[in-house]
Amino acid sequence: MTENPSLSNLLREERRFAPPADLAANANVTAEAYEQAKADRLGFWAEQARRLTWATEPTETLDWSNPPFAKWFADGKLNVAYNCVDRHVEAGHGDRVAIHFEGEPGDSKAITYAELKDEVSRAANALTEIGVEKGDRVAIYLPMIPEAVVAMLACARIGAAHSVVFGGFSADAIATRIEDASAKLVITADGGYRRGKPSALKPAVDEAVARVDGVDKVLVVRRTGQEVDWTEGRDIWWHEITQKQPAEHTPEAFDAEQPLFILYTSGTTGKPKGILHTSGGYLTQTAYTHHAVFDLKPESDVYWCTADIGWVTGHSYITYGPLANGATQVMYEGTPDTPHQGRFWEIVQKYGVTILYTAPTVIRMFMKWGDDIPAKFDLSSLRVLGSVGEPINPEAWIWYRKHIGADKCPVVDTWWQTETGSMMISPLPGVTEAKPGSAQRPLPGISATVVDDEANEVPDGGGGYLVLTEPWPSMLRTIWGDDQRFLDTYWSRFEGRYFAGDGAKKDEDGDIWLLGRVDDVMLVSGHNISTTEVESALVSHPSVAEAAVVGAADETTGQAIVAFVILRGSAAETADLVGDLRSHVSKALGPIAKPKRILPVAELPKTRSGKIMRRLLRDVAENRELGDVTTLTDSTVMDLIQTKLPSAA
Ligand code: 6R9
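Owing to the predicted nature of the structure, the values given are computational and were not obtained by experimental measurement.

What about the overall build of the protein?
Of the regular secondary structure elements, the protein holds 20 helices and 30 strands. By the compact-globule yardstick of 26 Å for 649 residues, the protein fits well, its C-alpha radius of gyration being 24 Å. When the backbone C-alpha atoms are referred to their principal axes, the protein occupies close to 70 × 60 × 50 Å. Burial analysis of the protein (649 residues in total) assigns 62% to the buried set. Long-range contacts, defined as pairs at least 24 residues apart, comprise 72% of the intrachain contacts of the protein with a sequence gap of at least 6. Roughly 23,600 Å² of accessible area belongs to the protein as shown, and the carbon and sulfur atoms make up 47% of that amount. For the protein, the distance from the average position of its 64 positive side-chain charges to the average position of its 90 negative side-chain charges is 2 Å.

Pasting the structure below:
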């Protein structure tokens, strides 16, 4: 990073939204929780741990004797799958729907908690028959189908750690992940439905498994019925092996620190990091945050998180948090525009979804498609809207609230990471006066702040780096097989504090605004300028649906701002418009933030979780060969963007 810590503090957002009175009056969590957690942080988490059913209650909350290697609830024992399934059946909720599955071709199925318990038990028995044992690793490469959740919970039930790989990653990515975790089993499917057609999954697994040692068996779910190559003695149909198992399985209680899963994050350089999460602390915080931030009422709410199971959001807020809380949720297999651009809203209407959790990239896509599309559906069941994955531009926040939330639903912008395991900074829907574009305050029991280059906490109004100052229950325990990298990556930049890698600022009220990854911050004529703020200024122009901004090397200013913009449906691409956008940014943020070049494009390069890959855009802007594109959803996007360049200087 640079000498100048003052990540700009340019954008002013004055709009405020109070929580709806009825929600506030019946909220799961009130302002008192902040006080309580502040007075006794560990006592607060010990109390939250009682949301779970323990085989042996923990007496110790946090062991921080060897920082930053934390142990939470270390002398407690529990079974995570029992907590997510069996206990709800035992409590008399067996008939409650756990998952309303909606397949992309229009097939649908409701799975009750009682049925889920049977499925998970059969799968656990099947894994045991295959020879999977406590402490083993299992790779999962599946589409968004209920078997993905069942497979994860079956692993948890027998104490094996899963490593879910995004369906759609290449054979290469699967092989690296299998190898790094020494997985001995892979669970996959013949294929899944995407954009109206079956899309094969098994060939990538076949190729990956041929390249690595140690995978004895491949379990194959039949989803599409398409042809698959079959390796006798290795490949097993999921339905054949699970259907012959008894639906009874006694869950064993494991230590709270039993590994639950490894999930790989790409990072900007080097090989992917295997983020390790364990059981008791992880489940405590996912369950608590899901209860608090979404105000979940399990008897009446219908919750829908649109994330993929291969992203941490799918782990924590499809599988573990909601199921630990006994929620009824929707799970959707496909893309938002198949077979039409109103598919999401049709699903909200069909199931009466009350809580929706999605990503800014999805919201901006709907903005681009037009307000008239959601307007055709009855969205009146919605009461809380969530956002995750990137900073949400104030205009996208306002659009979400207005066009999806009938101008009454609170929007909760939740900041967290694969590494944090659960939400860390977010408004509470019944408490917080919301500010569009800000994640606002650390949740009760969480300690976060913003520091400058010298690790000094910045005053209100200042900017710098987001750090977490106290351990939290769902924190990563290490990077799988590489403690040193864990220390170097997260704990060495600021002594005793976790460095998240994000820039942030505090406003006059002390509320936190996220400014994007520090690797993406631009340095223009000696000023640090955040990509997020310039992008938000661009998106606030009526002609812009989406924007990605990068700093490209420049002889006079060090770096110059280059903006890639997707225009809204009707906006024509003219020289006038580009000039207009440049002065719009200048007016919003000051002349220093005025982009040198603005390139209208049709698409932006994104990861599967919807994050813009600015690194690739920087390569384009600096006329370099493109770096690694393997985690892109669609690598042809980059060809399209590169053809734009010559005309756009
Ligand atoms: C959950 C998840 C983590 C990074 C994180 C930050 C960005 C996520 C955000 C946000 C601003 C939010 N991020 N949520 N930035 N506001 N509400 O996304 O995990 O895929 O590991 O990404 O995503 O940059 O550091 P992961």
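Topic: the sheet that holds strand 22 (residues 463-468)
Judged by pairing direction, the sheet is antiparallel, and its four strands sit side by side in the order 21-22-24-25 without closing on themselves. Two strands lie at the open edges of the sheet, namely strand 21 (448-451) and strand 25 (512-517), each paired on one side alone. Ignoring strand direction, the axes of neighbouring strands in this sheet form an average angle of 45°. Bridge count for strand 21 against strand 22 is four bridges, and the pairing is antiparallel. Opposite Val-450, over in strand 22, you have Leu-466 as the bridge partner. Where helix 17 (residues 531-539) meets the sheet, it contacts strand 24 (498-506) and strand 25, and its direction lies at approximately 100° from that of strand 25.

What about the packing of aromatic side chains?
Throughout the structure, instances matching the rule amount to 33 aromatic pairs. Here the aromatic residues Trp-64, Phe-69, Trp-472, Phe-486, Tyr-490, Trp-491 and Tyr-498 are joined through ring pairs into a cluster of three or more. One residue, Arg-493, lies across the ring of Tyr-465, its end atom 5.2 Å from the ring centre.

Here's the deal with the sheet that holds strand 20 (residues 411-413)
One open sheet holds the seven strands; their spatial order is 5-4-17-16-18-19-20, and the pairing between them is mixed. With partners counted over all chains shown, the strands left at the sheet margins are strand 5 (108-112) and strand 20, one partner each. Direction aside, the axes of adjacent strands within the sheet are offset by 20° on average. Where strand 16 (residues 302-305) lies against strand 17 (residues 328-332), three bridges are found, and the strand directions are parallel. Looking at strand 17, one finds that Tyr-303 is bridged to Gln-329.

Thoughts on the site of the ligand
Every one of the 17 residues lining the ligand counts as a neighbour, but Asp-413, Thr-414, Thr-418, Asp-502 and Lys-611 are closest to it. Contact between the ligand and Pro-391: a nitrogen atom at 3.4 Å from a main-chain N or O atom of the residue. Between an oxygen atom of the ligand and a side-chain N or O atom of Asp-502, the distance comes to 2.8 Å. Listed by contribution, the elements that provide at least two residues to the shell around the ligand are helix 11 (312-324) and strand 25.

Side note on the environment of Ser-536
Examined against the element boundaries, Ser-536 turns out to sit in helix 17. The buried category is assigned to Ser-536, whose relative accessible area is 5%. Counting along the chain gives 144 residues from Ser-536 to Ile-392, while the straight-line C-alpha distance between them is 8.2 Å.

Some details on the UniProt feature "binding site: Mg(2+)" (unreviewed entry) in the protein
Summarizing the sequence annotation, UniProt attributes the feature "binding site: Mg(2+)" (unreviewed entry) to Val-539, His-541 and Val-544 in the numbering used throughout. Assignment of secondary structure puts Val-539 in helix 17. Not counting residues within four places of it along the chain, the set of residues in contact with Val-539 comprises Asn-393, Glu-395, Val-544, Ala-545, Glu-546 and Ala-547. For Val-544, a relative accessible area of 0% translates into the label buried. In this view, Val-544 contacts Leu-538, Val-539, Val-565, Ile-566, Leu-567, Arg-568 and Leu-581; residues no more than four positions away in its chain are not counted.

Comments concerning the packing of helix 3 (residues 41-49) against helix 10 (residues 280-293)
It is the contact of helix 3 with helix 10, at a shortest axis distance of 9 Å, that shows an interaxial angle of 85°. Comparing the axis directions of helix 3 and helix 10 gives the class roughly perpendicular. The segment helix 3 lies against helix 10, with Phe-44, Trp-45, Gln-48 and Ala-49 engaging Thr-284, Gln-285 and Tyr-288.

Details of the pairing of strand 17
Judged by how many residues are buried, strand 17 sits mostly within the fold: five of five residues are covered. Neither face of strand 17 is left uncovered, since the one carrying Thr-328, Val-330 and Tyr-332 and the one carrying Gln-329 and Met-331 both have all their residues buried. Here four bridges tie strand 4 (residues 97-102) to strand 17, and the two strands are oriented parallel to one another. Its bridge partner being in strand 17, Glu-102 is matched across the sheet by Tyr-332.

What counts and how
Residues numbered from 1 in each chain as written. Predicted model: local features only at pLDDT ≥ 70, side-chain atom pairs only at ≥ 80, totals over all residues. Heavy atoms only, no water. Helix = DSSP H or I, 4+ residues; strand = E, 2+ residues; numbered from the N terminus. Rg over C-alpha atoms; globule rule 2.2 N^0.38 Å. Buried < 20%, exposed > 50% of the residue type's maximum accessible area, 1.4 Å probe, protein only. Contact = heavy atoms within 4.5 Å. Areas by Shrake-Rupley, 256 points an atom, 1.4 Å probe, with all protein chains shown as cover. Lys, Arg positive; Asp, Glu negative; His and termini not counted. Charge placed at Lys NZ, Arg CZ, Asp CG, Glu CD. Pairing = 2+ DSSP bridges. Axes fitted to C-alpha atoms, helices over the stretch in contact; angles between N-to-C directions. Phe/Tyr/Trp six-rings, centres within 6.5 Å; stacked < 30°, edge-to-face > 60°. Lys NZ or Arg CZ within 6 Å of the ring centre and 35° of its normal. Near = heavy atom within 4 Å. Polar contact = N/O pair within 3.5 Å; in protein donor to acceptor, adjacent residues only side chain to side chain. UniProt positions renumbered as here; feature names shortened; annotations may be inferred. Parallel < 35°, antiparallel > 145°, perpendicular 65-115°, else oblique.

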